[in-house]
Structures are given as C-alpha cells and as structure tokens.
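Structural characterization, general
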Amino acid sequence: MAEEVLIPSSGKITSHLTRSLLAVAFLTSFGSSMLYGYNLAVVNSPAGYIKDFYNKTVVSRNGTGLSEETLTLMYSLTVSVFAIGGLLGSLIVGILVTRFGRKGTVVNTTVLVFIAGSLMGFSRICGSPEMVIVGRFITGIHSGISLSVVPMYLGEIAPKNLRGFLGLVPSIFIGTGVFVAQVLGLHELLGKEEHWPLFLSVVVVPTFIQLMFLPWFPESPRYLLIEKHNVHATITALKWYRAKCNIQAEIEEMQEEQRSLSSVDTFSVWKLLLDETVRWQVLSVVVINIGMQLSGIDAIWFYTNDIFENAGIPAPEIQYTTAGTGIIEIIAGLIGCFTIEKLGRRPLMIGGFAVMGFCSAGITLALILQAHLPFMRYISVCCVVGIIAGFCIGPAGVPFLITAELFKQSHRPAAYIIGGSLNWLSNFTVGFVFPFLQKSAGAYCYLVFAAICVSVAVYVYVVIPETKNKTFMEISRLFSKKEAILETQGLIHTDQLKLKKMNGYGGVEHASLEFDSSSSVP
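Predicted model, so just to flag it, every value in this text is computed and none were measured.

Definitions and cut-offs
- Residues numbered from 1 in each chain as written.
- Predicted model: local features only at pLDDT ≥ 70, side-chain atom pairs only at ≥ 80, totals over all residues.
- Heavy atoms only, no water.
- Axes fitted to C-alpha atoms, helices over the stretch in contact; angles between N-to-C directions.
- Helix = DSSP H or I, 4+ residues; strand = E, 2+ residues; numbered from the N terminus.
- Parallel < 35°, antiparallel > 145°, perpendicular 65-115°, else oblique.
- Contact = heavy atoms within 4.5 Å.
- Nonpolar A, V, L, I, M, F, W, Y, C, P; charged D, E, K, R; others polar.
- Expected span 1.5 Å × (residues − 1).
- Buried < 20%, exposed > 50% of the residue type's maximum accessible area, 1.4 Å probe, protein only.
- Phe/Tyr/Trp six-rings, centres within 6.5 Å; stacked < 30°, edge-to-face > 60°.
- Lys NZ or Arg CZ within 6 Å of the ring centre and 35° of its normal.
- pLDDT = per-residue confidence, 0-100.
- Patch = residues over 30% accessible without salt bridge, like charges linked within 9 Å, V, L, I, M, F, W, Y side chains within 5 Å.
- Areas by Shrake-Rupley, 256 points an atom, 1.4 Å probe, with all protein chains shown as cover.
- Salt bridge = Lys/Arg side-chain N within 4 Å of Asp/Glu carboxyl O.
- Lys, Arg positive; Asp, Glu negative; His and termini not counted.
- Core = buried A, V, L, I, M, F, W, Y, C linked by side-chain atoms within 4.5 Å.
- Domains from an automatic or database assignment.

**Topic: the packing of helix H18 (residues 315-343) against helix H19 (residues 345-369)**
The geometry of H18 relative to H19 is characterised by a closest axis approach of 7 Å and an angle of 125° between their N-to-C directions. Classified by the angle between their axes, H18 and H19 sit oblique to one another. Where H18 approaches H19, its residues Gly-336, Thr-339, Ile-340, Glu-341 and Leu-343 are matched on the opposing element by Arg-345, Pro-347 and Leu-348. Residues belonging to the contact of H18 with H19 are distributed by class as follows: four nonpolar, two polar and two charged.

**So, helix H20 (residues 376-393)**
The terminal C-alpha atoms of H20 lie 25 Å apart, and with 18 residues this matches the ideal 26 Å at 1.5 Å per residue to within 8%. Among the residues of H20, those classed as buried are Met-376, Ser-380, Val-381, Cys-383, Val-384, Gly-386, Ile-387, Ile-388, Gly-390, Phe-391 and Cys-392.

**Here we look at the packing of aromatic side chains**
Scanning all chains against the criterion turns up eleven aromatic pairs. Summarising the aromatic geometry, the rings of Phe-26 and Phe-173 are spaced 5.6 Å apart at their centres and angled 75° between planes, so their arrangement reads as edge-to-face. Remark: Phe-173 occurs in helix H8 (residues 163-184) and Phe-26 occurs in helix H1 (residues 19-41); sequence separation between them is 147 residues. Using a relative accessible area of 14% as the deciding quantity, one classes Phe-173 as buried. Counting every residue linked through ring pairs, the aromatic cluster contains Phe-26, Phe-30 and Phe-173. Its end group placed over the ring of Tyr-75, Lys-51 keeps NZ or CZ at 5.2 Å from the ring centre.

**Re helix H21 (residues 398-405)**
Within an α-helix, residues lying three or four positions from one another point in the same direction, as the helix has 3.6 residues per turn. Counting buried positions over the eight residues of H21 gives eight, a clear majority of the element. Regarding H21, the residues found buried are Val-398, Pro-399, Phe-400, Leu-401, Ile-402, Thr-403, Ala-404 and Glu-405.

**Structural notes on the confidence of the model for the protein**
With 84% of its residues at a pLDDT of at least 70, the protein reaches an overall mean of 80. Confidence, read as mean pLDDT per element, is least for helix H25 (residues 506-519) in the protein (38) and greatest for helix H10 (residues 204-213) (95). Of the regions scoring below 50 in pLDDT, residues 1-13 engages in 24 contacts with residues more than four places distant in sequence or in other chains. In this model residues 491-522 is a low-confidence stretch, pLDDT under 50, and it forms 44 contacts with partners more than four residues away in sequence or in other chains.

**Description of a nonpolar patch on the surface**
Together, Phe-208, Met-212, Phe-213 and Trp-216 give the surface a local cluster of nonpolar side chains, amounting to about 520 Å² of exposed area. Along the polypeptide, Phe-213 turns up in helix H10.

**With respect to the environment of Gly-357**
Relative to the helices and strands, Gly-357 resides in helix H19. For the pair Gly-357 and Cys-453, spaced 96 residues apart in sequence, the C-alpha to C-alpha distance is 5.0 Å.

**Here's the deal with the side chain of Arg-346**
Assignment of secondary structure puts Arg-346 in helix H19. Glu-466 provides the closest opposite charge to the buried, salt-bridge-free Arg-346, at an N-O distance of 4.8 Å. In contact with Arg-346, not counting residues within four places along its chain, are Gly-351, Val-460, Tyr-461, Ile-464, Pro-465 and Glu-466.

**Focus: the nonpolar core**
Formed by 115 residues in total, the largest nonpolar core has its most connected members in Val-24, Tyr-54, Leu-200, Leu-272, Phe-407 and Tyr-446. For this core, the element with the highest residue contribution is helix H7 (residues 129-157), accounting for twelve residues. Summarising the domain contributions, this core has at least three residues from each of domain 1 (17-217) and domain 2 (271-468). One finds Val-231, Ile-247, Ile-251 and Met-254 within the second-largest nonpolar core, a separate group that totals six residues.

What follows is the structure in structure tokens.
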C-alpha cells in the first residue's frame, strides 16, 4: 500500500501548535541541545580543581608533578577536545539520519552521553585524567550530531507557519544549558572540589528523561514518506503532530517533492558541492555558519570575567554577574523564538549580526578610552551584554533553521554536514587564534569580529530570501528565480543556458527555457 495519494490542493497549509509538537521540541532540545551549551561552560568553574587532580595523579604515578606548561596543555586539550569530537559528530550525521531517521538518530545517540557521563563521573575514583578527556571527546561527538539532527527533525515535523518558532527552541535550550552550568558551578552548589566529577557527569539526567519519553513519538513524516515511501506511517505521524489541519493537502505537498526527487538519490557532500543548481544555497550555508562562530561570541564568552574585572566589579561577585549574562541569553532567545514567525528570518539575522558588529566596535572604543574615561568600563560591559543578546536573538539558532529550509530532502543531510563541520572548525579556529590575535592587536582585535558581523549581515540582506511561511518547494523556487535573474544579467555565460535536468529543482529549467526562447527573438 505504498501508492501515491493524490488529493486536490485546498490552498494554504496552516496548523496550530499542538501538545505533541511542543513535547517533541522540548524533549529533543532538553536532552540534546541543552547539553551542548552545558558542556561549553561546565569546565570553566572547576578548572583549578581539574588541574590539581591531573597533577596529583601524575605525582602518584611517576613521583614527580607536571610543569606549568604541560599542565596547561593537558587542560587545554580537555577543553578543545570537545570541539574535535563535535567536528567528528557533524561529519557522520548524514549517514546516521539516512539510516536511522531523524528521531532514531536522536534516540540512538543517547548512549554516547551515558558512556561519557560514566567516564567523567568515575574518573577521580579511578585516578584517570584520560577518562575526563575521552569523556569530553565523546560528549563533543554527541553535541556535533545533536546540533544538526535536532533542528533537522523539528524543521521536518513542523508545519510551515511554525517552522521558525520550533526551529529556535534548541537555541533557547543551548542558552539554558550555559546558564545551568554557570549556576551549578557556584561555590554554594557544585562548585566545590569534591563535586567536580558530579558536575561534569550531570548531563546524563536530561538525556535519561529524553530517552524515557521521546521513543513514544513518531518519526519525521517527511522522512517516512519521501525516503521510506510509507504513506500509512506518514499519515499516522501527521495525525500525532497536527490538529484541525488538512493533512491530505500537506501530504500532497510532500508528494510533489517526492516526485521531483524520484530519480535522485541522497546527495553526498562532494556531489552537493558540485551541483550548480544549489550553489547559492550552499554558499549561504557556508557564510552564515562560519559567520556564526567568527562573530566573536566564543571569545566574548571566554573573556567575560576579564572584562567584568576591568569594569571594577569585585572578584567575589563576578561569578554571579557572569551567571546573570546567562539570563540575558535565555531572554534574548525567547524574544527571537516568539517573534520569528512575525518578523521573519532575515530581520533576526540581519539585526542580530548588525548589533553584534556595532557592539564589537564599541568594545574596542571602550577599551581604548577607559584609561582616560573611567565610565567607559561600564560601556564595555553594556557592549558585552549587547553582543550576547544580539547573538541569541538570531544568529545563535537561525543558521541551523535556514540550513533545513534551503534544501530538499535529498540534499539536506549533506548540507548539515557542510554547515556543521564548518561551524565546529570555525569554533576551534577562534579558540586557538584569538589569544594570539589579542596579543598582537590588543583592543583592535574586536574590529575583526565587527567587520565579519557586518559582512554577514550585508550578505543575508542581499542574497538570502525570506523563507517564513513557505514550503520547501517554494523556497527552492525562490533560489531558482535568483539564478534566472543572474543569467539574464549576463553573469553566467550564455552557452550554459541549456534545458537540462536540475536534480529536482525544476524552477531553474523553466527559467532557463524561458530565457533561451526569449533570447532567440530578434
């Protein structure tokens, strides 16, 4: 019974937010996305205790302690190995989502969290620094997978009028994860020396809750229909996720995409990069994912304590002030989540990057003038808050959502591999290069981030169309029109204007055909 069900279209496909949609968004974000934010911040508070544990372990093994340089190198490896694991996770996500499905990948990869949590939790009892490092590496793999598969899953189960709202839920939980790590790291809670293994391994709790409930929810309807050709399972899944909606009209929209991809296999990364019909989509994913990390947000998070100390905030109160920035992240994320379906993707991206660029330039000015004008120290604090708010309101989550929206089912896994790997590589690059950049350029280093933010904002304004409340087929046609316009402007050589198969992006062939026929008129 895998026959196509052809139903006449009845206009717009709209739907209300159901309990099932909200529950899946919460479970996937709480048990997966939040762990990324938590693991970013969890190593800051117990840094001294972890270094002391490393040194004592080596003394007990060899009779001599570690030099300061070696100890710093071991701790730096503990921090940075998370990004290396994330890169690996982003590279294998395409294989996993094709084989296990979107929900299946989220559920099956929870085993990584339990392995990592056990390694880090029992590391001190076993006297093994290696267990901490390997545990961090494994959590990185899980985060690399989660950053791609969660927005992919939510983007596919959401109706088009709620895709932006649900797509930004993971970014709220990433900010929540950072905030939870900052709060639990306070000395009054898990910030004591005897508690740091528990502090690192507490990630198993939200994952366990996710594993208890998420398997009861259906797989992505688009995956079930387009890749598995299971109409009945698709209808069942849509009934779970929709209320008072024309399910038949939505199935017809998915079948239109299925028919356009009937002779197209799932794309590899290399094949996607060579496909001229999606070059603007690929370039857009590259720009926004690199820009997301090279915006300097990681550098700001890492040096927040130093900036607050320079502003004259007493040292004992800095940890509470830093935790306060976590509240700003959550509030900004909520603002973005509840306004994206009204304002659209472009305003949040352009506005977010523009605010970050302005505030990055403001930090440079404040650091230069604060020796002469004491009040400039507080301007630098305001700029830090502005950068964090600007990032969380749009650039923190919209790039992952846009990656899902710009591609059809056959191209989407490879697109997430490209976006995710570039995201993690850029993350690692900023962490490695920024200390040297700061030493060589001083306060002017933030101008580099300002220039990148403004450049990305301009690119989004010029190139990326608004995708709000549009189907995946409609979005692909928007880029097809852009391609056709460039052709008519002579930016593509006329001998390339031939009627050819466009891997399912049929709008390009139609546009090319029209241009060919018109160009033959004297």
